[in-house]
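Residue-level structural notes
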Amino acid sequence: MQDRLMPDAADVSPPISRDIWELKYRLKDAGGAPVDSSLDDTFWRVARAAAAVEKGGKRGREQWAKRFHDGMADLGFLPAGRILAGAGTGRAVTLFNCFVLGKIEDDLSAIFDGVKDAALTMQQGGGIGHDFSTLRPKGAPVASIGADASGPVSFMEVWDAMCRTIMSAGARRGAMMATLHCDHPDIEAFIGAKADPAKLRNFNLSVLVTDAFLEAVRGDRAWDLKFGGKVYRTLPARALWERIMRATYDFAEPGVVFIDRVNARNNLNYCEEIHATNPCGEQPLPPFGACLLGSINLARLIEKPFTGDAHLDVGKLAERVKVAVRFLDNVIDVSNYPLPAQREEAFAKRRIGLGVTGLADALIFCGVRYGTDEAAKLAGTWMAAIQNAAYAASSELAEEKGAFPLFDAERFLASPNVALLDKEVRAAIRRHGIRNGCLTSIAPTGTISLLAGNVSSGVEPVFDYRYSRRLLSRDGSAREETVEDYAHAAFRRQFGPTAALPDAFVRAADLTPAEHLAMQAALQPWVDSAISKTINCPEDISFEDFKDIYLEAHARGLKGCTTYRPNPVTGAVLQSAPAA
Ligand code: CDP
C-alpha cells in the first residue's frame, strides 16, 4: 500500500515535487537544456559525486554510489538543497547550506573585508550568520577621524544591500542571520530594527541572551549596557526583556539564542566559542564554521500507515542513518569552500547536521496527535534512535578513515550530548574515536520537503492540509501554487474524499504555543546543535498569553526560540487554500 501512496522517485507525482525538481535541482547545461533525465538521474549524479572519495577503485566507488543512491531513491534520506543542486555538476558552488562568518574587527577596513567574505559565501549559495556585537555602538568616538561611529545596526544595512544585489538574479532568496549580545549598548535599536517593513528584509535577527541576563530578568534587577569595558547605560532588565517580547509580538523579530547553553552543550566547546547561528537557527557555529545538512524523511519510513500496527522500523532507520552519515562525511571532502578559512574549519571538525523531516506526517500515519504527551514521547524515541545510530556510524567511520583532527576523547566524551548516548556507542567512541565533531541538527527543510511530496517540514506540524505558496522562478518571477499535505493526500486516496479526518490530523493553527514548545523540547536532548522551529501563534493571542514564550522555551531546555504571529509588518507567510 505504501508504494501506491507515496510518490515514487522515478515518477514524482505531485506537481509541486516535479516543479521543485525542475526549478531547483534538475541539472541543466549553460543553454538551459536538461542534463538530468529524471529525479532518479539527479540522485545518481549526487550519489556518484559523494562516492568519488571512496577507496576500492571504480568498482568500490560504484558500490558506494549505489548505496547512496538507494538511500535517496525512495525519498527516505534527503540531502539538503545545496547538495542536490550542486553535487557532481562541476560548478563552483558550495554544497554547504550554512555558514557563520568570522569575527568582525571593529575598524572600517575589517568591516568591509567582512562584507566581502559574506558576498563570496552568498555567491556560492550559502546562507550566512554574523555576530555584530564586536562593533562599537552608535555615537562612540572614532578617534582616527574625529567622528562618531554609526553602530552595528546601520552597518547591517550594508550587508542587507549586498545580499539583495547578489541574490537579485537567482531563484533562491538570500538568507542572513544577525546576532547582537544582550548587553550591547545598541541592543534596543537592534530589537526594533525590523519594525520598518522596508528595512533589513534579508536578515533574521536574534538576541544573544545570557544566563546572567535571564537571572537579572527573573530577579527584577538592573542591567548594564556596555562595550569595551565601559558602561554606557543601565536599565531594568525586565524593561529590556519586555521590549524584546513586544517586538516579537508585533513583528515576529527578534528571536533569541540562549548562548551560554549553546556553548555549554556544544561537543566542541573545548576548541571553539560560538556567537552566532546560520539564518534559520539550527546551526550555532563558530567563526568560519560551516555545516552540511541532510534529513531523514520519517514520513517515508512508516510501515502500515493508518492502521493499528503503524510504526517506524527502527532497524531500517539505523541503516538509513548509517548511509546518510557516510554520505555527508564524504561531501565535506568534495565540496567547494568560498573561503580558505571555511575549508580549514570544516576539515578540522567535520561537522554534519543530520536531522528529520516529515515528523508530523509520520505521527499522523501512526495515529498520534502532534503536541500531545504521546507524540512528544514517540518523537523523542525516534530522535534518540537517530542520534545513537549517527554516533555509532561516525565511530565506525573513524575506525576506517580516522577521527576528526581535533578529537579529544576525554573532553568529547564528557560533553552533555555524548553523555546521553547508549553505553555501547560511548564505548565505540572511546575505542575508535569519532569522524564528526557534531552530527545532528534539525533544519527547516523548506524546499526538500516539497520535493518529497510536501511532507510536513522538519519538526513542524502540518501547516494546513491544503495551502498556496509562492514559488520563485529562476528569472526571479513568482507564482502561486496550491499544495496538499502528504499525509492528507495519502488519507484521501485511501479512504475517499468525504471520510472524516481522524483526530491525529492537526494543523499549526490548532496548536497552543505550549504544545509547539513541548515537541521541540522532546527532541532537543537528542540533537547536537539546535532545531529550526517557529512557534506559530494565532493573530488574536493576547500579549499576556504570549509574553512568557521565550522564558518557557528556556525553562524547557531549548537553545533558542522564534515565534510567528501574523502581523501587519510581515503579513502572513503562507496562505491556507480553500479545501478542494
Ligand atoms: O530545503 P533546503 O535543504 O533547501 O533548506 P532548508 O532546510 O529550508 O534550510 C536550511 C538552511 O539553508 C537554512 O538554515 C539556511 O542556512 C539556508 N538557507 C538559505 O541560505 N537561504 C534560503 N532561502 C533558505 C535556506
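Going by the structure above, here's the rest.
Calculation notes
Residues numbered from 1 in each chain as written. Predicted model: local features only at pLDDT ≥ 70, side-chain atom pairs only at ≥ 80, totals over all residues. Heavy atoms only, no water. Axes fitted to C-alpha atoms, helices over the stretch in contact; angles between N-to-C directions. Helix = DSSP H or I, 4+ residues; strand = E, 2+ residues; numbered from the N terminus. Parallel < 35°, antiparallel > 145°, perpendicular 65-115°, else oblique. Left-handed = near helix turned anticlockwise from the far one by under 90°. Contact = heavy atoms within 4.5 Å. Nonpolar A, V, L, I, M, F, W, Y, C, P; charged D, E, K, R; others polar. Buried < 20%, exposed > 50% of the residue type's maximum accessible area, 1.4 Å probe, protein only. Lys, Arg positive; Asp, Glu negative; His and termini not counted. Salt bridge = Lys/Arg side-chain N within 4 Å of Asp/Glu carboxyl O. Polar contact = N/O pair within 3.5 Å; in protein donor to acceptor, adjacent residues only side chain to side chain. Near = heavy atom within 4 Å. Areas by Shrake-Rupley, 256 points an atom, 1.4 Å probe, with all protein chains shown as cover. 1 Å grid on protein atoms, 1.4 Å probe; cavity = no way out; pocket = protein on both sides within 12 Å on 5 of 7 lines; lining within 4 Å. Points joined across faces, edges and corners; volume = space filled by probe spheres on them.

The next point concerns the packing of helix α4 (residues 57-73) against helix α12 (residues 314-334). Running from amino to carboxyl end, α4 crosses α12 at an angle of 120 degrees, the nearest separation of the two axes being 10 Å. Our classification of the angle between α4 and α12 gives oblique. α12 is crossed by α4, and the crossing has left-handed handedness. Residue-level inspection shows W64, R67, F68, D70, G71 and M72 of α4 in contact with α12, the latter providing E319, R320, V323, R326, F327 and N330. Here the contact of α4 with α12 is composed, by residue class, of 5 nonpolar, 2 polar and 5 charged.

This part takes up the side chain of K559. Locating K559 in the fold gives a position in the loop between α23 (549-555) and β20 (560-561). Among buried charged residues, K559 stands out as having no salt bridge; its nearest opposite-charge side chain is D528, 7.0 Å away. For K559, the side chain forms a polar contact with the main-chain oxygen of D528, separated by 2.8 Å. Here K559 is in contact with V257, F258, R261, V262, R265, Q524, V527, D528, S529 and A530, once residues within four sequence places are set aside.

A separate point is the site of the ligand. In the vicinity of the ligand lie 20 residues, with G81, R173, N278, T445 and G446 positioned nearest. Taking G127, its main chain carries an N or O atom lying 3.3 Å from an oxygen atom of the ligand. The contact in question runs from an oxygen atom of the ligand to an N or O atom on the backbone of I448, over 3.0 Å. About the coverage of the ligand: the protein hides 90% of its 520 Å² of free accessible area.

Here we come to empty space enclosed by the protein. Enumeration according to the criterion identifies 2 cavities of 30 Å³ or more in this entry. The space that makes up the largest cavity amounts to roughly 60 Å³. Taken together, V262, N266, I274, Q283, P284, R351, C438, D528, S529 and K559 make up the lining of the largest cavity. Its residues placed into classes, the lining of the largest cavity shows 4 nonpolar, 3 polar and 3 charged. Estimates place the volume of the second largest cavity at around 40 Å³.

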